Each structure stands twice: as C-alpha cells, then as structure tokens.
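Architecture and fold: a report
If you want the building blocks of each chain, they are given just below.
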Amino acid sequence: MKKFLSLVLALTMALSLVTVSAGATDFDDDGDITYQEAVTVIAGMGIVDGYSDGTFGPDEALTRGAAAKIICNLILGPTTADALSASSAPFVDVPTTNTFAGYITYCSQQGIISGYADGTFRPTDTLSGNAFMKMLLGALGYDSDKEGYTGANWTVNVIKQAVGIELNDGNDDFVGSQAVTRQEACLYAFNTLKATMVEYSDNSTVTVGDITISSQGDYSDVSNSTSSDGNIEDDGLMQFAERYFRDLEAEDDTDDFGRPATTWTYDGDELGTYANDADATYVVGDTDDDLATLVTDDACLDYSASDVLSNADVFYNGKDLGTYSSNRDEYPAGKGDIIEAYENDDNEVDTIVIRSYTYAKIDTVDEDLSSTHENNGASVALELVDIDDGSLGTWYDNYDDSDEVLTGYNSNYTEGTVLAVAISADDSDVILDSYIMESVTGTPTSARTVETYSTDKTDKASQVTDGTITIDGTRYEYAGQMTGLSTTDEVDFDEEYTIYLSAEGYVLAVDGDASASLDDVYYVNMVYKETTGGRTRYYAEAVSLVDGSEVDLRLADSDVIENNDSDHTLAENGFFYVNDLYVLEEDDDEYDGEAYRGQDGYSVTMGPLDDDVTSSSSTIRLSDVTTYDYLEDDDGDEVETEISDVTRLYLDEETTTSIGVDQAQTDDSLDVSFSTGPMAAKAYDEDSPSSGSSENLTVFVIFKDDDRDAVFVVYAASDLKGGASSSDVVYLADDANNAVGSGNYEVDLYFMEDMSLAEDLVISDENITNRSARGFYTYEVDEDDVYTLDDDEVDFLGSNEDVEDETDNVAAEDVNFDEVYNYLITSADNRFDAISFADAVVIDTRSTSDKNNSLYSGDIESASALSSAINRGTVTADVFVEDGEIVFVAVKSSARDTSIDDGDEYGDLDHIALSATTGYIGVYLDGNAEENTDYEVTLSILRDNGYVDIGTFTVTVSAGSDTGRIDVSDNLIAANNYQITCGDETFTIVYTGAST
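Residues numbered from 1 in each chain as written. Predicted model: local features only at pLDDT ≥ 70, side-chain atom pairs only at ≥ 80, totals over all residues. Heavy atoms only, no water.

Looking at an unreviewed UniProt entry, one finds the protein chain named S-layer homology domain-containing protein and attributed to Oscillibacter valericigenes.

Next comes the structure, spelled out in structure tokens:
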C-alpha cells in the first residue's frame, strides 16, 4: 500500500503543472442518460470522456481498457493520468501504441487489474460489475488479499463490501455478474468520490513458547484534519475526493422546488445542482386527503405526528406555502402529485415538498437564434403549446438567466415531443423541471366522467379529482392536472385516443376525437312566461345533462318550443309542460334551439320504464318507445329520422351518467339527482300504483349507435321512486322514544356516505309508524335542522336477489348470518355467499339483557367481534352493501345462550317481528324450544277505521331452535301499515317491499 501511495504522490508532483480541463456534459445523446448527476460530475471532472461524434454512449458496455483509464483518472487525476505511457507492451495484446496502454500498465503494476494465463489482457472485452467494484475498492484502500477479493468466493466478498459502503447507490437493479455500462461506471465512480477511504494498521506477531502467531492489521477509516475536510462531508474523515480532488466541492443548497439539494463545483466552475434523495416519497392518490393525512397516514408518508416539526417548511412547485402547522388542514396536493419529506440530523421532518406536473408539447425548435440569445448561452429555442395548441411560451436549452431555461432539456427534445412540465407556482413563466412522457394509443373500452375539485375545498378549482380511461385492458387514472377532456366531454369508444402518462403512471393528457359535447343539451320540463312592464318573456325550466344543474333559460321567443304546446295552455295558463330533450344555444343572453334527436354516432330512445332499475343493473328496458337516429343529408345537415324501436340498452358503472328529475310536470320545484353509473328507479306499476312505483315516468336514453351502450339516462317523473345512493341513506340506530316537541324525536343516525355517526339529531315522526323502527331511510332536512325519514327511496335487496360484485348502494334488513370465514360472511338463505365485510363499520343495537342472554355477550362492534359471534351461532343484522362488499352492519340479535337459567328449562316467547322488506314474520324465544311449538300470529292492515285482520298464520319453532319464520309477503302491499299480534306481543311496521 505504501508503494502504491508513493507512486501516486510522485506522479502527481511531477505532472502538477499540466492544465486540467473539465469535460463537457452536453452530449448529443444526453436524453438517454439515466444517472444525470453522476455523469455530469464525472464527465465535468474529465474522469470519463465522450466520443468524438459528440455522444456519450451511456448504455454501451464498459471495456476493460476504458475501466483502467477511469481508475487512473480517479487516483491520479485526469491530467496526471493522461501523461501515463508504456515503455513496453504490458500484455501481448496491448502494444505500446494502444490508447489504453499507459493506464493498463499502471493498474497492472499496482495490482489493481491482472491479465489472463495466456498472457493477454483483452482490453476490448467487457468488464463485470463485480470486477469494476473490486477496482474501486482497491482505489479506496481495501487490501485485496486481506479482504478475500481473490480465490473462489471473491465476488461474494467484493459485493458485500461494495454494497455495504453504497458504491451501487442509485442503481437498485445492480447485478454484479452483468457487464457494466458506461453510465453505470460513472455512477459507481461518483459514489467512490463520496466514499470514505480506509487504511490498515501494521501486522504484528506474538510468540508463545515454540509457536509464533501472526495477525494482519484491521482497516479503519482514514482521518482528515486538513482544509479539505468538509468538501464532501464535514466529518473529520477522508473521503476519496477530499484526498485526490480537492477542487471538487459539494455544497448544501436548495433546488427550485424547495428540496434540499447539493450543488457541485469543480475548480470554481458550477457543474449543477441536484436534489438530495427524499427520506420518504408518496404519490397522491386521494384528493380528499389534507396535508396532515398525507404526512402521517400509514398509507401515505407514514410519519408519527411527533416526528414532524411544526415549523417544517412546505413548498408547492417552488412556492413557499409556510409552515406545516399552518398548512396541515389544507389540501395543497392533487391526484398524481409527488409529496416528499426530508429529515434533519435528528430524523425529524423539516421540509415537505410537493411537485406537480402538467402537459406541454414542443411546437417548434428554432436553432437560428439572434446573437443576443447566443451571447446568453442559448443554442436552441423551444416554443411549447398546450393540448389545444395554444402557446405557453418560449424557453431555451441554456441561458444566463435560469428562468429562461427549459429545465430538463436534452437532445431528445424535438418538434412534436410531448413533455410533463412542472411550472413554478410563483411564476408561470418559469419551468422547474420537464421530461418526455410515455404514451399509450388505442381505442378505449370504458371511461369514467371527469370530475373536478370543489371550490370550497381548495384553491385548485380547475384540477381533476376523479376519472379514468381504459385502453387495452389497463385502466389509467386521471391526474389532477389532466387536460384534453373536461367534465362536459364524452369519450368516443369507436375512436382512437392517445393518453400521455406521468412518470408515476397518471394520465396528464388525453388526445383524440372526443364525442361532441353535450354542453347545450337540456331536459326541458316546462315553458312559462312572465310579463313585466307590458313586455312578455318566455323561459324554459330545464336541467343540464352535463352536470344535472337546474336552470331557467330565457328563450328568444315562444316559438322555440312551440310544437310541444299541444293543448295551447301557454296563452291561457302562462305555462305548458314539455318533458323532452332540447338543444338550446345561447345568443346574446337568449336561447334558441330544437328538439335533441341525437348526434354523430349517438341516437336517442324515450319511453316508459318497463322494469325496475337498481344501482347494480347492467341493462335498462323501456316500453312503448320512440327511437331517433342521427343522420346527415348530402349537404351535411342533420335529418331527424325515426328508426326501429330500441328498448334494451346497456348500463355501465363508469360510462353511464344518470340524471333523476323528480316532481316533473307538477307545480312543485324540481328535485334533481346526478350520478355516474346506473341509478335505481322503479317502473310504474299500474296494478298497484301506490306500492312505491314511479308515477308519470318517462326515460330518455342517449346511446351509442353501434353497441347500444347508454351514455346518458334521464328519468323524469312526477314522483320518482328508487333513486337513492349512499349519500342519501342513513341508518336509524336507536328507538325514537325521546320526544323533543310535538311529533319530533331525538335519535342517532349513521350516514352511509361516510359511515359517520351523528348523535342527538331531531327527526319528525312523519313516515315513522313504529318507535322501534330501526333501519335504513333516506332523509331530507328542513330549515330547522329537523330530519324527515322515508324508506320508499332506499334500494333494498330483493327476496330472490343475491349479492354480486356489482351490487351497489343496496340495503338488506333482518339477514341471518350463520357462516363466516376470513371475514367472508354467508347468510342462511345464501343471498349473501362469502361476501367480504373486512372493512365494515359494525354497530351493536342489542339491549343489555339480549347481550347477557346471548352466546356472545360482549359488544359486537368490529369485524373480528362479528366473526366471533357468528362462530358461536346465528347473528341477525341489517347491512348496507357497496361495490359487492358489506360496508355497514347493525347487529340486531345473536344466538341465545340456552344454558342460562331464567326460571324455565326451555324458551318462552320473547318478541315477534315483521320484516319491512322481505315480508317474513319472525317469532323469537328467549331460549330453545323443547319440542316443535306452534305460535298463532294475527296479521292486520291499517284502514280508515283502524287495523283490520287479514288472517292468522301458524309459525312453528322447531325443537332445539329459538326462532321460527314464515313468509307472508303475498298478503302485503308496499307502503301500507301492518300490525302483527301474538298473545301479549304486538309489532307494527310500514311494509316497503324490496326491489327485484
């Protein structure tokens, strides 16, 4: 080792007057370089050269000869190493005239490399990662013999040591047996510059009797007390560069995003600033997460609150947002954004950085620049445009004013190249970073409508919060800054699209022929007139198909929708009902238009609903329809053509938009609901019009011509039934016994939208006929915050309907669960067959006495407790299902403990019940029956003069059981009040029936 160092010092001193020239980093193929920082520094120091044609060849294999040159440049410096020569051929295949002869000779003499047994060196052969790492370890001072870098297992020892000191840092895919590429060699050499050197203590011998024991000295880190300490690390130790490249300095800095960074300078020249590796990184997937959630949630950055400094700096695309404490409840990050955390020396987060990218395309590349631009360092000007080809501005490959630079520029940036760009939040004319995006081209098979941020949540009101597109079987999510589609655009499934993906796989742009916008298409309920100051104006009460908003549009004149005034009531009554779709276009604050009868590629069918639609339905069927097809004549003008009736169409949870218009063609205000996917709606039942069916319902379906996929479905009815979603449904969790005024009661409600519990809410007794009527309801809230509950709109699981993967926003009551495995639950009637409830909210509505008399006497308030209870016996519960999984469980009863002595050896009648949805009468004992026991239950219906008996039914409780049931649904009519009695027990309920 001493000989090795002496030679290094001698050569350095002898050649110290030779000028060192830093290598250029602007190679013609720099766009193919992955390890930009490493190549920039290593090439800038002259350790690795490019080729004469201006390229670097980053992925070309490193040869043995080139590896010898790199080692010499590292140890001696490029100027000293360049002076090396060979007075004689070091190997038979390396003549003195070989480009690498001097380097090979030097490395061979120092024992860093060796040849083959046949006397050759094979300088053009590739070098494995193991072999190159062995060279670098030797340069750092590790002794090959002492560390076991020779012999059969040398590769194991080399890689163990190299990985241990992070010589492979930055290449997670390092495979030592593979040939090293040129850019990988730069990375490993760059890591060597930052690595700490080692030295060995002297060998020692100890003689004990006639035995002499020799011990080799262990290595230790080389200390550094010179002025170079701190050039790389201020730690009192000698990093490789601090010994051999004292003009190289790594300075702590901050990059344009606000990230902690390192600025590299060599001999006074700045080589570049590069962000440090973040201590934690997360790609934002949920736009509902505030900053505190993104930082501390275990699904995100996963820091404990105590490990995040309250005064940690928060940056968004370079803009200082302030401290963490002032932003923890804010929503600064959008979907697909990258959030990074940086820690101080005490492992506390002191910097949080959010990076957000958007779409830009290079429209022109201009190399004919003015002398002014060239004098500022520019050689190329690039104009960027947005997805609509609107100019974003012009930037340069290089410029004295860094704000003018297209940061990230490389030689692959040509006309038509699509980029992801991070625009400064402080200055929209400054681009902080850019890179070339990957693209996918194909015909979409599905797409979820674009949704945007609500303005009351974040100042990014224009950013996307939801939406997907599926191409070639892969579903891609839209990023927050996605462009190319708006909330009013529809994807045409017959056209080819190109989507552009961020590095994280989110869609930043959709480029293709989206179908014509439905901006101007409305459902028109009525036309009315208003006369003021002797002037009459006409208005359309309408609903926009784009977002379901209700609007009143001033018409150009009464003739716009004149054809629908069949009974000419406009003149007499001041209004007439329309109940049709119209295209209404604005001109000077007035609207003109015509009936909507489709557009290119789309047709319209309209008529009554033939069968109920649920939120999980895949088809919709109409009856007595009129169907229109969009055609064009020879002049390209639309021709309204009635075609063969289309009565059956397909619904999709992602591509179908549903709009419910309730109280249409009535004097009441319209009640509009809007959702993506199928919307539950009940068809009109002429045999039982009061059974909860929709009244005066007309359905309008806009569908694709080729495959009859419904794109928009509008349900318009004077009384629309069955249109509830989870956002409308609550669960009444307790008895309505606490009166707080005339007809009002204080109760607890669980909201299915977010599974939250609201305690002590006031409800009206309207529609609540039984004070113990726990169950699912929709609700309305008046100005006094009084809730009115109604179960007519809830979509209940039918008695013959099974839960499938597509079952969504569906409730089921009085379900008997008797089997569970790994959080998959099965009901006694198999309507629920291995349905997941792993993430469900579970509540226990049993009384204390019921719990005490049950086999499971503890609280059932978790999925694990529910599993334990079912394993001991049947559990009866009300449940709510979303996307084929149970998300809410209200436990009503569980299997009784028959060993409890309540004075009788066997069970007595405890209570009776009538299911509001399935029509089953249940008889429940407080213990198991000794033998088959019959109970006579009388069923009555409420009439004007009170309850009238329908009949008496025998319910049998079998021996050894505590429950008996009988189906009486054939005797029930929905929306009627029923009462059952058995002995002294009475039970009253409003029967709703269930969708089938």
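1. Section: empty space enclosed by the protein
A water-sized probe, rolled over the atoms, reveals where empty space remains. Heads up, the condition is: Both cavities and pockets are sets of points on a 1 Å grid over the protein atoms alone; in a cavity a 1.4 Å probe fits but cannot get out, in a pocket the set is open with protein on both sides within 12 Å along at least five of seven lines, and lining residues sit with an atom within 4 Å of a point. Grid points are joined across faces, edges and corners, and a volume is the space filled by probe spheres set on the points. Only DSSP runs of H or I reaching four residues or more are called helices, and only runs of E reaching two or more are called strands; each is numbered from the N terminus. When residues are grouped by polarity, Ala, Val, Leu, Ile, Met, Phe, Trp, Tyr, Cys and Pro land in nonpolar, Asp, Glu, Lys and Arg in charged, and all others, Gly among them, in polar.
Per the counting criterion, the structure on display carries four cavities of 30 Å³ or more. A volume near 230 Å³ is recorded for the largest cavity. Around the largest cavity, the lining comprises 22 residues; the ones closest to its centre are Thr449, Asp489, Glu490, Val491 and Thr655. Going through the elements one at a time, β19 (444-452) and β37 (710-717) are the ones with two or more residues in the lining of the largest cavity. Here the lining of the largest cavity takes four residues from β19, the largest share from any one element. For the lining of the largest cavity, the class distribution of residues is 13 nonpolar, five polar and four charged.

2. As for the sheet that holds strand β20 (residues 464-471)
In plain terms, the rule: Strands qualify as paired when DSSP identifies two bridges or more between them. Structural elements are reduced to axes, namely lines fitted to C-alpha atoms, with helices fitted over the stretch in contact, and the angle between N-to-C directions of any two is expressed from 0 to 180 degrees.
Taken in spatial order, the six strands of this open sheet run β18-β22-β23-β21-β20-β19, and their pairing is mixed. Unpaired on one side and paired on the other, β18 (438-442) and β19 mark the two borders of the sheet. Sheet twist, expressed as the mean angle between neighbouring strand axes with direction ignored, is 30°. Sheet analysis places strand β22 (residues 497-501) next to strand β23 (residues 507-512), joined by five bridges and oriented antiparallel. Paired with Leu501 across the two strands is Val507, which belongs to β23.

3. Here we look at the packing of aromatic side chains
Put simply, the rule reads: Classification of ring pairs rests on two measures: the distance between centres of Phe, Tyr or Trp rings, Trp counted by its six-membered ring, which must be within 6.5 Å, and the angle between planes, read as stacked under 30 degrees, edge-to-face over 60 and tilted in between. We call a residue buried when its accessible area falls under 20% of the maximum for its residue type, exposed when it is over 50%, and partly exposed in between, using a 1.4 Å probe and counting protein chains only.
One pass over the structure, following the stated rule, counts 27 aromatic pairs. Seen in terms of ring centroids, Tyr731 and Phe776 are 4.8 Å apart; in terms of plane orientation they differ by 65°. Their pairing is edge-to-face. In this pair, Tyr731 is assigned in strand β38 (residues 729-732) and Phe776 in strand β42 (residues 775-781), connecting sequence segments 45 residues apart. Judged by its relative accessible area of 0%, Tyr731 falls in the buried class. Arranged with centres 5.4 Å apart and planes meeting at 80°, the rings of Phe817 and Phe832 form a pair that is edge-to-face. Of this pair, Phe817 sits in strand β44 (residues 810-821) while Phe832 sits in the loop between β45 (824-827) and β46 (835-836); the two residues are 15 residues apart in sequence, bridging distant segments of the chain. Across the pair, exposure class does not vary: Phe817 and Phe832 are buried alike. Taken together through their ring pairs, the aromatic side chains of Tyr731, Tyr750, Phe776, Phe880 and Phe888 make up a single cluster.

4. Comments concerning the nonpolar core
For the record, the criterion: Each nonpolar core is a collection of buried residues, namely Ala, Val, Leu, Ile, Met, Phe, Trp, Tyr and Cys, held together in the definition by side-chain atoms within 4.5 Å. When checking whether two residues touch, look at their non-hydrogen atoms; a contact exists if any pair is within 4.5 Å.
Counting residues in hydrophobic clusters, the biggest one holds 75 residues, and the most contacted among them are Phe132, Leu193, Phe240, Phe245 and Leu248. Those residues in contact with Leu248 that sit more than four places away from it in its chain are Val41, Met45, Leu193, Asn231, Ile232, Ala241, Trp264, Thr265 and Tyr266. Ile825, Ala840, Leu866 and Val891 belong to the second-largest nonpolar core, a separate cluster that totals 27 residues.

5. Remarks on the sheet that holds strand β52 (residues 933-943)
With respect to topology, four strands assemble into an open sheet ordered β53-β52-β55-β56, the strand pairing being antiparallel. In this open sheet, the two edge strands, each paired with only one partner strand, are β53 (946-957) and β56 (985-991). In this sheet, adjacent strand axes meet at a mean angle of 25° when their direction is disregarded. Of the strand pairs in this sheet, β52 and strand β55 (residues 976-982) are connected by four bridges, and their pairing is antiparallel. Counted as the bridge partner of Leu939 is Ile980 from β55.

6. Comments concerning a negative patch on the surface
This is how it is decided: Put simply, a patch holds well-exposed residues, over 30% relative accessible area, that have no salt bridge, with like charges counted together within 9 Å and Val, Leu, Ile, Met, Phe, Trp or Tyr side chains within 5 Å. Using a 1.4 Å probe, accessible areas were evaluated by the Shrake-Rupley method; residue-level cover was limited to the displayed protein chains. Put simply, a salt bridge is a Lys or Arg side-chain nitrogen that is within 4 Å of an Asp or Glu carboxyl oxygen. Residues scored as positive are Lys and Arg, those scored as negative are Asp and Glu, and His as well as the terminal groups of each chain are ignored. Working definition for charges: the position is that of NZ of Lys, CZ of Arg, CG of Asp or CD of Glu.
On the surface, a cluster of negative charge is made up of Asp221, Glu233, Asp234, Asp235, Asp247, Glu249, Glu251, Asp252, Asp253, Asp267, Asp269 and Glu270. Where the negative patch is concerned, the elements lending two or more residues are β5 (248-254) and β7 (269-275). Broken down by element, the residue count for the negative patch peaks at four residues, all from β5. By the element assignment, Asp253 lies in strand β5. In this structure Asp253 comes out as partly exposed when scored by relative accessible area, which is 36%.

7. Quick word on helix α5 (residues 101-109)
When you tally the buried positions in α5, you get seven out of nine residues, the bulk of the element. Residues of α5 that are buried include every one of Ala101, Gly102, Tyr103, Ile104, Thr105, Tyr106 and Cys107, and no others. Directly after α5, the chain includes Gly111, whose backbone phi takes a positive value near 75°.

8. As for the packing of helix α6 (residues 129-139) against helix α7 (residues 154-164)
Helix packing geometry: the angle between the two helix axes and the distance between the axes. Condition: The labels follow the angle: roughly parallel below 35 degrees, roughly antiparallel above 145, roughly perpendicular from 65 to 115, and oblique for the rest. If you view the pair so one helix is near and one far, a crossing is left-handed when the near helix is turned anticlockwise from the far one by less than a right angle, and right-handed when it is turned clockwise.
In the contact formed by α6 and α7, the axes pass within 9 Å of each other and the chain directions differ by 60°. Relative to α7, the element α6 is oriented oblique. Like other packed secondary-structure pairs, α6 and α7 cross with a definite hand, here left-handed. Side by side, α6 and α7 meet where Asn130, Ala131, Met133, Lys134 and Leu137 of the first sit next to Trp154, Thr155, Val158, Ile159, Gln161 and Ala162 of the second. For the contact of α6 with α7, the residue count by class is seven nonpolar, three polar and one charged.

9. Section: the pattern of salt bridges
If you walk through the whole model with that rule in mind, you get 14 salt bridges. Between Asp118 and Arg122 there is a salt bridge, and its shortest N-O distance comes to 3.4 Å. Note that Asp255 and Arg259 form a salt bridge whose closest N and O atoms lie 2.7 Å from each other. As far as the burial class goes, Asp255 and Arg259 line up, both buried. One salt-bridge network, held together by shared partners, links Asp255, Arg259, Glu340 and Arg355.

10. What to know about the side chain of Ser694
For clarity, the cut-off: By the criterion applied in these results, polar contacts are pairs of N or O atoms within 3.5 Å in which, for protein atoms, one can donate a hydrogen and the other can accept it, and in which residues neighboring in sequence qualify only through two side-chain atoms.
Locating Ser694 in the fold gives a position in the loop between β35 (671-676) and β36 (698-704). A polar contact of 2.7 Å, which involves the side chain of Ser694, links it to the backbone oxygen of Lys682. Contacts of Ser694, omitting those with residues within four sequence positions, involve Lys682, Ala683, Tyr684, Ala717, Asp719, Leu720 and Lys721.

11. Brief notes about the pairing of β36
Burial analysis of β36 places seven of its seven residues in the buried class, the great majority of the element. Direction of pairing for strand β29 (residues 602-607) relative to β36: antiparallel, over a ladder of six bridges. Of the residues in β36, the one forming a bridge with Tyr602 is Lys704. Alignment of β36 against β37, held across six bridges, turns out to be antiparallel.

12. Comments concerning helix α15 (residues 863-872)
Along α15, the positions that sit buried rather than exposed are Ala863, Ala865, Leu866, Ser867, Ala869 and Ile870. Among the structural elements, β44, β45, β47 (841-844), β48 (875-882) and β49 (885-894) are those in contact with the buried residues of α15.

13. A word on unusual backbone geometry
Of note, Asp302 is a non-glycine position whose phi angle comes to about 65°, a positive value. Residue placement: Asp302 occurs in the loop between α10 (291-296) and β9 (308-316). Its relative accessible area of 47% is what places Asp302 among the partly exposed residues. Of note, Gln663 is a non-glycine position whose phi angle comes to about 65°, a positive value. Within the secondary structure layout, Gln663 lies in the loop between β34 (657-662) and β35. Take Gln663: its relative accessible area is 24%, and that puts it in the partly exposed class.

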